[in-house]
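# Tertiary structure, described
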Amino acid sequence: MCADRLDDGFHVSKWVDVVGGFISRNQGLWIRIGNWETRLLADEIADIRIEQPIYVSGLARSGSTVLLEILSQFEDTATHRYKDYPLVFTPYLWNRFLDRV
């Protein structure tokens, strides 16, 4: 990796790159695993209603992270965190894994 790449302010760790690449190349598999996780948690999430979803998108440095942080402070709002990426299809299993490592 050349020195100017290190100075560009954006760095993805090797393991995130490898896992993200695997998920990207195997989207169908990962969606099936996510659907399995949903069925596994069906009783726990049955009463959770999503009535007014909020979608946040933006380019780098547009303020989307600050907006997500602000929204996450509201009691009735949930959001993914950066540690959830690239495994957003399986948040429950991913967080169980993270709790153990």
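Residues numbered from 1 in each chain as written. Predicted model: local features only at pLDDT ≥ 70, side-chain atom pairs only at ≥ 80, totals over all residues. Heavy atoms only, no water.

### Quick notes on the layout of surface pockets
There is about 1800 Å³ of room inside the largest pocket. I54, A78, T79, H80 and R81 are the residues nearest the centre of the largest pocket, which is lined by 47 residues in total. Listed by contribution, the elements that provide at least two residues to the lining of the largest pocket are α3 (27–40), α4 (42–45), α5 (64–72) and α6 (91–100). Residue contributions to the lining of the largest pocket peak at 7 residues, all from α5. Looking at the lining of the largest pocket residue by residue, the classes come out as 22 nonpolar, 16 polar and 9 charged. (1 Å grid on protein atoms, 1.4 Å probe; cavity = no way out; pocket = protein on both sides within 12 Å on 5 of 7 lines; lining within 4 Å. Points joined across faces, edges and corners; volume = space filled by probe spheres on them. Helix = DSSP H or I, 4+ residues; strand = E, 2+ residues; numbered from the N terminus. Nonpolar A, V, L, I, M, F, W, Y, C, P; charged D, E, K, R; others polar.)

### A look at the packing of aromatic side chains
Inspection of the entire model under this criterion finds 3 aromatic pairs. Between F22 and W30, the aromatic rings sit 5.9 Å apart at their centres with planes inclined by 90°, giving edge-to-face as the arrangement. A residue is classified by how much of its surface remains accessible, and F22, at 35% relative accessible area, is partly exposed. What makes W30 buried here is its relative accessible area of 15%. With a centroid separation of 5.4 Å and 20° between ring planes, the pair formed by W94 and F97 is classed as stacked. You can see W94 and its partner F97 sitting in helix α6, 3 residues apart, about one turn around the helix. A relative accessible area of 44% means that F97 is categorised as partly exposed. An aromatic cluster is built from W15, W94 and F97, whose rings are joined through pairwise contacts. (Phe/Tyr/Trp six-rings, centres within 6.5 Å; stacked < 30°, edge-to-face > 60°. Buried < 20%, exposed > 50% of the residue type's maximum accessible area, 1.4 Å probe, protein only.)

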